[in-house]
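# Architecture at a glance
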Amino acid sequence: MNKFTSVQDIESLPSLVDQALKFKANQFHPNAYAGKSVGLVFLNPSLRTRLSSLKAARNLGAEAVVLDISKDGWALEFEDGKVMDGNKAEHIKEAAAVMGRYFDVLGIRTFPGLANRDEDYAEELLNAFIKYAGVPVVSLESATRHPLQSLADVVSIKEKWNKTEKPKVVLTWAPHVKALPQAVPNSFVEWMKVADVDLTITHPEGYDLAQEFSEGVNVTYNQQEALKDADFVYVKNWSSYTDYGKILSQNESWRFSMEHLALTNNAKIMHCLPVRRGVVMDDAVLDSPNAIHLDQAENRVYAAQAVFNELLK
Ligand SMILES: NCCC[C@H](NC(=O)CCC(=O)O)C(=O)O
Ligand SMILES: NC(=O)OP(=O)(O)O
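Residues numbered from 1 in each chain as written. Chains lettered and ligands numbered in written order. Predicted model: local features only at pLDDT ≥ 70, side-chain atom pairs only at ≥ 80, totals over all residues. Heavy atoms only, no water.

Under an unreviewed UniProt entry, the name given to the protein is N-succinylornithine carbamoyltransferase, and the source organism is Roseivirga pacifica. Looking at the protein in UniProt, the text filed under Function (unreviewed entry) is "Catalyzes the transfer of the carbamoyl group from carbamoyl phosphate to the delta-amino group of N(2)-succinyl-L-ornithine to produce N(2)-succinyl-L-citrulline. Is essential for arginine biosynthesis." (UniProt positions renumbered as here; feature names shortened; annotations may be inferred.)

Next comes the structure, spelled out in structure tokens:
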């Protein structure tokens, strides 16, 4: 593995998941990567990704440094050939290359602008970073994917499911007050396909994910039908892909409630966090024993540890 930006970058999902679970059972390896360092660069806010990645690096004996580049760095120019006579002081060519000289692995978080779909889906910022860093790059959530979250989600399902048959996993859209990226649902679907579960996606009309993600998956606008017999339900808002970045529906009936839970096979309820209580999901669901959002967040440490272990080898 020479980068970690999507499920395509990994060699074997079962062995990566096993490694994460081994790290969960025995997390401290203080001499594994002594002298190695990981740089974590954030253009957007983060609680879990930042702290779990720091903890993961330290569990492996590596040093980790966080840079909130939009707050503490120079304003970055990404455009090639630009005459930099405006307010951007540093080009990504130098910024990424310099950080590549300081660190053995570089992580980057860059959310989409949600204004220009082609630009966002071309992953211009992430790709510029990969191009100029000269060291392995880890996506800490990019415009279109959140692979560390998805790996933790696969680990969380694996540790809760001890039957031989495939679990029924449902990804359901939920309302939100803000237009959110498609990165988490895209990525979840991409990883679930490789994890080989029985996957259904449900959302109101107009919220279809990009075909590259949804193709081959059962998609329905009928949420009640989708939730029937579900073993795991991933509740998540996203803005429209087709009417790009727009909020089309505030349909309250999609807010996940105990009535929704009652339609399932006593499903485990998942969310990547942060979650707006009473908007996306009811308190009663989040506070019920069915909710495994905190386990998912905990597993972010071991997912990151498994990934850093591969890239620092
Ligand atoms: N990193 C995990 C999720 C990040 C982002 N959520 C948010 O921006 C929530 C913002 C808010 O609720 O104001 C998303 O859904 O992709
Ligand atoms: N789930 C997740 O990535 O959380 P943060 O945005 O807080 O890192």
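Additional details are given in the paragraphs that follow.
Bringing the packing of helix α1 (residues 13–25) against helix α7 (residues 147–160) into the picture now. Relative to each other, α1 and α7 sit at 75°, their axes nearing to 10 Å. Classified by the angle their axes make, α1 and α7 are roughly perpendicular. Across the interface between the two elements, Leu13, Leu16, Val17, Asp18, Ala20, Leu21 and Lys24 of α1 pack against Leu151, Val154, Val155, Lys158 and Glu159 of α7. Across the contact of α1 with α7, the residue classes break down as 8 nonpolar, no polar and 4 charged. (Axes fitted to C-alpha atoms, helices over the stretch in contact; angles between N-to-C directions. Helix = DSSP H or I, 4+ residues; strand = E, 2+ residues; numbered from the N terminus. Parallel < 35°, antiparallel > 145°, perpendicular 65-115°, else oblique. Contact = heavy atoms within 4.5 Å. Nonpolar A, V, L, I, M, F, W, Y, C, P; charged D, E, K, R; others polar.)

When the charged atoms of two side chains lie near each other, side chains of opposite charge can form a pair. Tallied over the entire structure, the rule returns 16 salt bridges. Here aspartate 287 ties to arginine 277 by a salt bridge, and the two come within 2.9 Å at their closest N and O atoms. Of this pair, aspartate 287 sits in the loop between α12 (283–286) and α13 (293–312) while arginine 277 is found in the loop between β11 (268–270) and α12, placing the two residues 10 residues apart along the sequence. In this structure, a network of salt bridges that share partners links the residues Arg145, Glu190 and Glu212. (Salt bridge = Lys/Arg side-chain N within 4 Å of Asp/Glu carboxyl O.)

It is worth spelling out the UniProt feature "domain: Aspartate/ornithine carbamoyltransferase carbamoyl-P binding" (unreviewed entry) in the protein at this point. The sites that carry the UniProt feature "domain: Aspartate/ornithine carbamoyltransferase carbamoyl-P binding" (unreviewed entry) are, in the present numbering, residues 4–159. As annotated, residues 4–159 has a helix share of 44% and a strand share of 15%, and its two end C-alpha atoms lie 23 Å apart.

Another point: the packing of aromatic side chains. Aromatic rings considered in pairs are described by the distance between their centres and by the relative angle of their planes. Counting across every chain of the model gives 9 aromatic pairs. Taken together, a centroid distance of 5.0 Å and an interplanar angle of 65° make the contact between tyrosine 121 and tyrosine 241 edge-to-face. With a gap of 120 residues between them, tyrosine 121 in helix α5 (residues 117–121) and tyrosine 241 in the loop between β10 (232–236) and α11 (258–262) connect regions that are remote in the sequence. With respect to class, tyrosine 121 is no different from tyrosine 241; both count as buried. Cluster of aromatic residues (ring-pair linked, three or more members): Tyr121, Tyr241 and Tyr244. (Phe/Tyr/Trp six-rings, centres within 6.5 Å; stacked < 30°, edge-to-face > 60°. Buried < 20%, exposed > 50% of the residue type's maximum accessible area, 1.4 Å probe, protein only.)

Time to look at the UniProt feature "binding site: N(2)-succinyl-L-ornithine" (unreviewed entry) in the protein. UniProt records the feature "binding site: N(2)-succinyl-L-ornithine" (unreviewed entry) at Glu141, His176, Lys236 and Arg276, using the numbering of this structure. Relative to the helices and strands, histidine 176 resides in the loop between β7 (168–173) and α8 (183–195). For histidine 176, the contacting residues outside a window of four places in its chain are Asn237, Ile247, Gln250, Arg276, Val279 and Val280. In terms of polar contacts, histidine 176 uses its side chain to reach the backbone amide nitrogen of lysine 178, at 3.0 Å. Relative to the helices and strands, lysine 236 resides in strand β10. Since its relative accessible area comes to 7%, lysine 236 is described here as buried. Contact partners of lysine 236, with chain neighbours within four places excluded, come to Leu171, Thr172, Trp173, Ala174, Leu180, Val184, Pro185, His271 and Cys272. (Polar contact = N/O pair within 3.5 Å; in protein donor to acceptor, adjacent residues only side chain to side chain.)

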